Amino acid sequence: MADSTRKIKKALAEALTRSEENGDLVIATAIINDITEPMAEAVKTAYAGIFTTQELAALSNLVFQATSDETFYDWEMPTLVGYTREEMQVLGAKLRELAVL
């Protein structure tokens, strides 16, 4: 299971648990994974339509190419794009992770 899928399932489980603690719903199973698995798949399906995995991979590659070239990602780029080189590399890694969902 991809780490991003695990994170989605964990976030859903935490939200369901909070809702149950607040009395908003009752979870009628001892294994919350039975609930979060289809919900996580639904979330991934909803977001999958935004970009294809190839598009996400291409964007990730573009970010890494741009940040690895000091003549391109110079002192002015953080001002232009709003992120430092390191922050852009983290963004590239997130895009790469999404590409393997």
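Residues numbered from 1 in each chain as written. Predicted model: local features only at pLDDT ≥ 70, side-chain atom pairs only at ≥ 80, totals over all residues. Heavy atoms only, no water.

Enquirer: Quick one: what's the story with a nonpolar patch on the surface, residue by residue and with numbers?
Expert: Taken together, the side chains of Tyr47, Ile50, Phe51, Leu59 and Leu62 define a hydrophobic patch exposed on the protein surface, amounting to about 520 Å² of accessible area. You can see Leu62 is positioned in helix H3 (residues 53-68). A residue is classified by how much of its surface remains accessible, and Leu62, at 54% relative accessible area, is exposed. (Patch = residues over 30% accessible without salt bridge, like charges linked within 9 Å, V, L, I, M, F, W, Y side chains within 5 Å. Areas by Shrake-Rupley, 256 points an atom, 1.4 Å probe, with all protein chains shown as cover. Salt bridge = Lys/Arg side-chain N within 4 Å of Asp/Glu carboxyl O. Helix = DSSP H or I, 4+ residues; strand = E, 2+ residues; numbered from the N terminus. Buried < 20%, exposed > 50% of the residue type's maximum accessible area, 1.4 Å probe, protein only.)

Enquirer: Lay out the environment of Asn22 with the relevant residues and their values.
Expert: Mapped onto the fold, Asn22 is located in the loop between helix H1 (3-21) and helix H2 (33-48). Using a relative accessible area of 59% as the deciding quantity, one classes Asn22 as exposed. Along the sequence, Asn22 and Leu91 sit 69 residues apart, while their C-alpha atoms lie 35 Å from each other.

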